[in-house]
Structure formats: C-alpha cells, structure tokens
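# A structural walkthrough
Below are the chains, spelled out letter by letter.
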Amino acid sequence: MTTDSKKQILVIGATGAQGLAVVDSILAPSADGTPSPYTVRALTRDPNSQRARGLAEKGVELFKGSFDDLNAVRKAFEGVYGAFVNTDGFTVGEEKEIYVGMKIFEIAKQTKSVKHYVWSNLDNYLKKGNYDEKYNCEHTSGKGRVGEWLTTQPSDTSKDGMTWSCVCTGPYMDMLHFDIFGPQNKREDGTYVFATPLGKGHVPMIAVKDVGFWARYSFDHREEVSARDLEVASEMVTWDYLASTFTAVTGKKAVVVYQSIDDWMKNYHNVDEPVARNFKKGDGTITFRKNFSAWWATYRDDNIKRDMDWIRSVHPDSYTLERWMRENGYDGDSQKFSYR
Ligand SMILES: NC(=O)c1ccc[n+]([C@@H]2O[C@H](COP(=O)([O-])OP(=O)(O)OC[C@H]3O[C@@H](n4cnc5c(N)ncnc54)[C@H](OP(=O)(O)O)[C@@H]3O)[C@@H](O)[C@H]2O)c1
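Keep in mind the model is a prediction, meaning the values are calculated, not measured.

### Regarding the packing of aromatic side chains
Within the structure shown, the criterion is met by 22 aromatic pairs. Judged by centre distance (5.2 Å) and plane angle (70 degrees), the ring pair of Phe194 and Phe246 falls under edge-to-face. Highlighted residues: Phe194 in strand 8 (residues 192-196) and Phe246 in helix 10 (residues 239-250), separated in sequence by 52 residues. Given a relative accessible area of 0%, Phe194 falls into the buried group. Residue classification places Phe246 among the buried residues on the basis of a relative accessible area of 0%.

Okay, structure coming up:
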C-alpha cells in the first residue's frame, strides 16, 4: 500500500536480472542519505522462488500473478503510486508483448492512484534499420513499438494526473558472464578468444545497476522525464575495446576473432529453436538464429545511437566496462552457456 510517508512502486519483472537491480535502486537511500521514499510490490508467478523470497527479505511485497493475466495485473496495480514494467518478450513472444504492453498502460491509467508509469523499453531495431528484414529482432522491436505507441498517449503532470516515461536500454554488460559476450574459449598459450560477428560496430551495453539508476531517476524526476524515452547505455563497446579492457583488468592475453553472423551461429546449438520460451519448434515463430542475427546486424551496422555526453551529464557515476569488470572480479573463466 502507498502510505502517507512512502510511495509504493509496482515492479513487473522484479525477480529478473533487470528487476533485481531496479528494486535495489528504488529501495536505496536518497543521495542526501535519507531513507528511500518508496516501497516495492513485485508481481511474480512464483512467490516461493529463491529470487522472490530474497525480495521479500528486503521488505518487498510479493503479488502472485502473471503479466499476461490482466485481471491479476489490475489487482496488482491497486493503490500503487508508480510502476516499472519490464515484460519478458523471451517468454511470451513479440505479439503478446505488444498487446500486454498496451493493456498494462491502460490499466495503470484506470487505476487512479498511479502517478508515474515507466516502460522498460528497447529500441525498435526493425524501424531503426529502415524496416529491412535483416534487422527484424523481435525481442527488441516488440518493446520498441509499445514505446512508440506511448508517445501518442497523454502524460499528465498535474497533481492527480499520471505521467509516463521510458527507460530504453540495451544488452546488459552483465551478459559478459555468458559466452554470447564473454570469451568462447582459451587457447593452449592462455589467450582468451572473443569471437564476434560485430565487425567494427558498437554494442550499447548497460550494467544492470545503471538500469536501476535510471529507473529510480525516473520516479525522482517525474515532471522532467514526463513523455520522454530516455535512451541510455553505460558504454558503447567495440570488441577491440572489450578485449583490450579485459587484458588491462586481468593481465590475460586476449584476441578478437571476427566472424560472419552465419559462422558465429555455428558456435551455438539449438539455434533453430523459437526465441520465445512459450513457443514450440515448428510453430512458425521467429527462431533464435533469425532474432539474434538481426540483433548482431543492428550493432555491426551501428544503427543504435546513444548521446553519451547527455547520459554522463545526468549520471556521471555511470559504469565503464573497466569498472564493471573490476567490481565483478571478472576473469573470463566460468562463462555460462546461453543461447538467449
Ligand atoms: N538480457 C539482456 O541483456 C536484456 C537487456 C535489456 C532488456 N532485456 C529484456 O528484459 C526482458 C527480460 O527481463 P530480464 O532480463 O530481467 O530476464 P530474466 O532474468 O529472465 O527475468 C525474467 C523476468 O520476467 C518475469 N516474467 C516472465 N514471464 C512472466 C509472466 N508471464 N508474468 C510475470 N512475470 C513474468 C519473471 O518473473 P517470475 O519468474 O518471478 O514470474 C522475471 O522477473 C526481456 O524482454 C528482454 O528482452 C534483456
């Protein structure tokens, strides 16, 4: 419940990699050391999961439900001051993500207590690639279309109105723990091999803790961010820079092997599985291979831009790749295999 002293934020996706960082940031003391003005309610399908229980230990109220069960979502919104909404396109797929992305906003509008609504956005890669099918990355374009639709919606800064804003992110720097970004193997002489189809392009990486920063910033600066899509990143990363930073931090030798997207995909198994978990092979939905070919092509061709001067002017303490590696004790070993 929102009380006189604290404003409650509903976080959809709170138990996820992104959501955990967002919750921590929302609950953190303010810059002047005073306690956070917010509490959190988390929508989760499983309040008994390890992550959900961890949130409860931090004082988060757990609300059982799925974001595609709109009756449950409506109940979860009751009485909250704000919402941070990160739907999971990797579970429900693009079509449903677009539909629920619109419906959840409408429910927030109908819930008169909501004063600020944050959509966790991604760029519409298909549009930013001028609708060339080779950039058809469903897990980003679904969110991006919802973000564009939001720009046609009212954002009412009056005391009783509801404002909205987006935090438009990119791949987590934390994906370096997975072989999609981290080294795929190590040569006999100890050289770590970073294989990529990126060419000389840039990946707009963001540390999940920086996603947390931008979420909190949005609730703290409701009027300033009203009706805006905050396009953020921690650093624009090339693979030469990734390898040289890795060597500077770890003292280990590293080499970049530039591959075609087709050759890079051969490093992976199951690439013809649907990219969204709720789908079965052969049902006609987009595959991991097609989705992530478009993802890499978008970065290779530098279709995603970020104004790093603006980002650092608002968030001077934003992560660099080097700081992220040092804080995480990153050593390039123990990569997890992931095709997502
Ligand atoms: N990986 C990246 O680098 C990256 C970067 C930016 C954006 N994203 C986007 O972030 C989204 C995934 O979030 P994540 O990265 O935090 O992933 P994650 O760690 O896999 O977590 C998934 C989250 O989604 C929730 N969830 C999934 N299906 C749900 C449903 N039907 N109802 C309610 N909650 C549901 C899960 O909650 P419960 O299991 O507790 O219900 C969990 O909190 C994707 O849309 C992805 O495109 C990913």
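Further notes follow.
### A look at the layout of surface pockets
Approximately 1400 Å³ is the volume found for the largest pocket. Looking at the largest pocket, it is lined by 48 residues, and the ones nearest its centre are Gly16, Ala17, Asp88, Phe90 and Tyr172. Those elements that provide at least two residues to the lining of the largest pocket are helix 1 (17-27), strand 2 (38-44), helix 4 (89-92), strand 5 (116-122), helix 7 (138-150) and helix 12 (288-300). Looking at the lining of the largest pocket, the element that brings in the most residues is helix 4, giving 4 residues. Here the residues of the lining of the largest pocket sort into 16 nonpolar, 21 polar and 11 charged. Viewed by domain, the lining of the largest pocket spans two of them, domain 1 (7-170 + 206-231) and domain 2 (174-201 + 235-303 + 320-327), each represented by three or more residues. Computed from the structure, the second largest pocket encloses a volume of approximately 270 Å³. Elements supplying a minimum of two residues to the lining of the second largest pocket: helix 1 and helix 8 (208-220).

### A few points about the domain arrangement of the chain
Considered domain by domain, the chain is made up of domain 1 (7-170 + 206-231) and domain 2 (174-201 + 235-303 + 320-327). Measuring from the centre of the C-alpha atoms in domain 1 to the corresponding centre in domain 2 gives 27 Å. Listed as interface residues are 21 residues of domain 1 and, on the opposing side, 21 residues of domain 2. Summing both sides of the interface, domain 1 and domain 2 together bury roughly 1600 Å²; the carbon and sulfur share of this comes to 50%. Here Lys290 makes a salt bridge to Glu133, at a shortest N to O gap of 2.7 Å. Our count for the domain 1 to domain 2 interface comes out at 10 residue pairs in polar contact (both at pLDDT 80 or more). If one sorts the elements of the side of domain 1 that touches domain 2 by residue count, helix 4 sits on top with 4 residues. Partitioned by chemical class, the residues of the side of domain 1 that touches domain 2 number 8 nonpolar, 7 polar and 6 charged.

### Thoughts on the nonpolar core
In terms of nonpolar packing, the biggest core is built from 70 residues, with Leu176, Ile180, Phe181, Trp239, Trp295, Trp296 and Met325 touching the most fellow members. Looking at which element gives the most residues to this core, the answer is helix 12, with 7 residues. Phe77, Ala108, Trp149 and Trp164 belong to the second-largest nonpolar core, a separate cluster that totals 27 residues.

### Some details on the pattern of salt bridges
Across all of its chains, the model carries 25 salt bridges by this definition. A salt bridge links Asp24 to Lys58; the nearest nitrogen and oxygen atoms lie 2.8 Å apart. Residue Asp24 is found in helix 1, and its partner Lys58 is found in the loop between helix 2 (50-57) and strand 3 (61-64); the two are separated by 34 residues along the sequence. A residue is classified by how much of its surface remains accessible, and Lys58, at 44% relative accessible area, is partly exposed. Here the residues in one salt-bridge network are Asp123, Lys128, Glu231 and Arg306, joined through shared partners.

Rules used throughout
Residues numbered from 1 in each chain as written. Predicted model: local features only at pLDDT ≥ 70, side-chain atom pairs only at ≥ 80, totals over all residues. Heavy atoms only, no water. Phe/Tyr/Trp six-rings, centres within 6.5 Å; stacked < 30°, edge-to-face > 60°. Helix = DSSP H or I, 4+ residues; strand = E, 2+ residues; numbered from the N terminus. Buried < 20%, exposed > 50% of the residue type's maximum accessible area, 1.4 Å probe, protein only. 1 Å grid on protein atoms, 1.4 Å probe; cavity = no way out; pocket = protein on both sides within 12 Å on 5 of 7 lines; lining within 4 Å. Points joined across faces, edges and corners; volume = space filled by probe spheres on them. Nonpolar A, V, L, I, M, F, W, Y, C, P; charged D, E, K, R; others polar. Domains from an automatic or database assignment. Contact = heavy atoms within 4.5 Å. Buried area = accessible area lost by both parts, 1.4 Å probe. Salt bridge = Lys/Arg side-chain N within 4 Å of Asp/Glu carboxyl O. Polar contact = N/O pair within 3.5 Å; in protein donor to acceptor, adjacent residues only side chain to side chain. Core = buried A, V, L, I, M, F, W, Y, C linked by side-chain atoms within 4.5 Å.

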